[in-house]
Amino acid sequence: MATYTTTRSEALYLAAQDVIAGGVNSGARGPGAGWVPGPPVVDHGSGAYLWDVDGNRYCDYLLALGPMVHGHAHPVITEAVTKAIHETGTMFALPYPQEAEAARKIVEMVPSVELVRFGNSGTEVVLHATRLARAFTGRDIIVRFEGQYHGWADQLEWSHHPDLAKAGPREHPRALSGTPGIPEVIGQTLEVLPWNDQGAVERLVAEKGDRIAGILTEPIMGNTGVIPPKPGYLAFLREITRRRAIVLIFDEVISGFRVAPGGAQELYGVTPDLTTMAKALGGGFPAAAIGGRRDIMDLVSDGAVLHAGTYNANTVAVAATNASLDVLRTPGTHERLFRLSEKLMAGMAATFERIGVPVQVQGVGPMFQFWFSETPVVDYRDAARHLNSPKYAALALELHRRGVMVHPSNIELWFVSTVHTDADIDETLQAFEDSVQATKATLTRADD
Ligand SMILES: Cc1ncc(COP(=O)(O)O)c(C=O)c1O
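Here's a quick rundown of the structure. (Residues numbered from 1 in each chain as written. Predicted model: local features only at pLDDT ≥ 70, side-chain atom pairs only at ≥ 80, totals over all residues. Heavy atoms only, no water.)

1. With respect to the overall build of the protein
Stated formally: Note on conventions: DSSP H or I runs of at least 4 residues are helices, E runs of at least 2 residues are strands, and numbering of each starts at the N terminus. Throughout, the radius of gyration refers to the C-alpha atoms, and the reference size of a globule is 2.2 Å times the residue count to the power 0.38. Under the scheme applied here, a residue whose accessible area is under 20% of the maximum for its type counts as buried, over 50% as exposed, and between as partly exposed, the area being computed with a 1.4 Å probe on protein chains only. A contact between two residues is defined here by any heavy atoms of the two lying within 4.5 Å. Lys and Arg are tallied as positive, Asp and Glu as negative. Neither His nor the chain termini are counted. Note on charges: their place is set at NZ of Lys, CZ of Arg, CG of Asp or CD of Glu.
Counting its regular elements, the protein contains 14 helices and 14 strands. Its C-alpha atoms give the protein a radius of gyration of 22 Å, within 12% of the compact-globule value 22 Å for 448 residues. Judged by the C-alpha coordinates and their principal axes, the protein covers about 60 × 60 × 45 Å. When burial is assessed residue by residue, the protein has 55% of its 448 residues classed as buried. Considering only residue pairs separated by 6 or more positions, the protein has 72% of its internal contacts joining residues 24 or more positions apart. Side-chain charges in the protein split into 38 positive and 51 negative, and the spacing between the mean points of these groups amounts to 3 Å.

2. Describing the site of the ligand
Short version of the rule: The rule for a residue being near a molecule or strand is that one of its heavy atoms must lie within 4 Å of it. Distance and chemistry together define a polar contact, namely a pair of N or O atoms within 3.5 Å, with one atom able to donate a hydrogen and the other to accept it when in protein, and with adjacent residues in sequence counting only for side-chain atoms on both sides. With residues, only the protein chains shown are counted as cover, and all accessible areas are computed by Shrake-Rupley using a 1.4 Å probe. When residues are sorted by character, Ala, Val, Leu, Ile, Met, Phe, Trp, Tyr, Cys and Pro go into the nonpolar class, Asp, Glu, Lys and Arg into the charged class, and all the rest, Gly among them, into the polar class.
The ligand sits among Ser-121, Gly-122, Thr-123, Tyr-149, His-150, Gly-151, Glu-218, Asn-223, Asp-251, Val-253, Ile-254 and Lys-279. One nitrogen or oxygen atom from the main chain of Gly-122 is found 2.8 Å from an oxygen atom belonging to the ligand. Measuring from an oxygen atom of the ligand, one finds a side-chain N or O atom of Lys-279 at 2.9 Å. Taken by itself the ligand offers 390 Å² of open surface, and the protein chains cover 84% of this. Within the shell around the ligand, the residues separate by chemical class into three nonpolar, six polar and three charged.

3. Focus on the nonpolar core
For the record, the criterion: In plain words, nonpolar cores are sets of buried Ala, Val, Leu, Ile, Met, Phe, Trp, Tyr and Cys residues tied together by side-chain atoms within 4.5 Å.
Ranked by size, the top nonpolar core spans 30 residues in total, and within it Tyr-61, Leu-344, Phe-352, Phe-370, Phe-372, Trp-414 and Phe-432 carry the most contacts. A per-element tally of this core places helix α10 (residues 333–355) first, with seven residues. Those residues within four positions of Phe-352 in sequence are excluded, and the remaining contacts are Val-357, Val-359, Phe-370, Phe-372, Leu-395, Phe-432, Val-436 and Leu-443. Counting 28 residues, the second largest nonpolar core, distinct from the first, contains Ile-141, Leu-193, Ile-227 and Ile-411.

4. Some points on unusual backbone geometry
For the bond running from Val-36 to Pro-37, omega is 0°, close enough to zero to count as cis. Structurally, the position occupied by Pro-37 is in the loop between α1 (7–16) and β1 (42–46). Unusually for a residue other than glycine, Ala-64 sits at a positive phi of about 60°. With respect to the element layout, Ala-64 can be found in the loop between β3 (57–60) and α2 (75–87).

5. Some thoughts on the packing of α10 against helix α13 (residues 422–438)
Formally: The angle between two axes is taken between their N-to-C directions and runs from 0 to 180 degrees, where each axis is a line fitted to C-alpha atoms and a helix contributes only its stretch in contact. Working definition: roughly parallel below 35 degrees, roughly antiparallel above 145 degrees, roughly perpendicular at 65 to 115 degrees, and oblique for all remaining angles. Take the far helix as your reference; a near helix turned counterclockwise from it by less than a right angle gives a left-handed crossing, and one turned clockwise gives a right-handed crossing.
The geometry of α10 relative to α13 is characterised by a closest axis approach of 10 Å and an angle of 20° between their N-to-C directions. It follows that α10 is roughly parallel to α13 by the angle criterion. Taken as a pair, α10 and α13 cross one another with a handedness that is right-handed. Judged by residue contacts, Arg-339, Leu-340, Lys-343, Leu-344, Gly-347, Met-348, Thr-351, Phe-352, Arg-354 and Ile-355 of α10 engage Asp-422, Ile-425, Asp-426, Thr-428, Leu-429, Phe-432, Glu-433, Val-436 and Gln-437 from α13. Residue composition of the contact of α10 with α13, by class: nine nonpolar, four polar and six charged.

6. Things to note about the layout of surface pockets
Operational definition: Cavities and pockets are found on a 1 Å grid laid over the protein atoms alone: a cavity is a set of points where a 1.4 Å probe fits but cannot escape, a pocket is an open set with protein on both sides within 12 Å along at least five of seven lines, and a lining residue has an atom within 4 Å of such a point. Grid points are joined across faces, edges and corners, and a volume is the space filled by probe spheres set on the points.
Within this model, the second largest pocket holds a volume of roughly 500 Å³. Elements represented by at least two residues in the lining of the second largest pocket include exactly α3 (97–109) and β4 (115–119). Per element, the largest residue contribution to the lining of the second largest pocket is five residues, and it comes from α3. When its residues are assigned to classes, the lining of the second largest pocket shows 13 nonpolar, six polar and three charged.

Shape is all these values report; function is a separate question.
Next up, the structure:
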């Protein structure tokens, strides 16, 4: 193994702290999220690889936390974006043909979507989905689930990864704001439940169904490692929301276009009323969308419900979206993503088995994670005792040394892109085996 040094990264990260708060531009990139003592500073990315400023090369499974579904600087996306800048200009506050082209692709691909509006980030479009649900039903309460993330806005950054000492009983959690600065009163507009638990939803809906505007859920939990839905759970949510005229919102910011051309709703055959999409949609550019049933989306058509945004559907985001969706809807793309990811997951599981460490490798195709747990992890409370695992952090560090880029916290996940190859997966599995051997003493400790 070549010597691994990060001295230039450390120096640049330190210097950046003079002018950037904490030296990073999102909480997920700093020591608080697990990058201890600091994150590698990137020089550039190309295809499935990243290079840091010390010249270390990494096969990238962080993929910018999901958007880089086609790797870095994908030629089709780069060409589409540069062409848009040169030939179209960037913004007009007027419509132009390519935005309808992108919307039409989404309508064709995502089963429940009849009408679309574009935005710039997942946070924005999820906020908008909750506004639409409230406007459509005339009710106030949004139900959200522990362990899920729907963006950083005051209205939804609640009980994301709550402190269980304060979070109340499992069957009836207390809504806890995720950061100082959020007015407590907003908590009264939310109900928080454990995920994957039909009984909890049934009890709440029986008690307060007439006040519930929407149930908001990631169809595959991707913000506490990866927790797939239990069989029948999404169909149950569909049935109970339909029965009580509650708007079912799938937050497909991570799963959208990634686990199937039409996202988790296509994969599981369950159609929500509204869907939020970002990340893979823009293939590395800030693009997001909300879409859904015509009668609900029509509330914004005539301005009855406000949807706005200076940068919505700018030509760069739309060109990236058109190109990203073209690649994603090319036949065979998802089969390949699943084949490579399943090979990686199976290889990881086999490595752990060889050294006798009980692990649950959990995921759906190109989004997965593993838990140092004897049994499958089904919800946040189950996951909580394995979160920010020191074993995982130790293993991630060894992976970095061997040229594999993953987030150092198992709160995050591994992503596989459309440009990873069999050779990449083979090399990663070798690095994985070596990293596991190097951390064997830590990994085989009884505690985590
Ligand atoms: C499921 C989900 N919803 C919403 C968001 C917020 O998206 P953004 O960071 O683009 O605002 C995220 C971000 O990770 C997410 O994972």
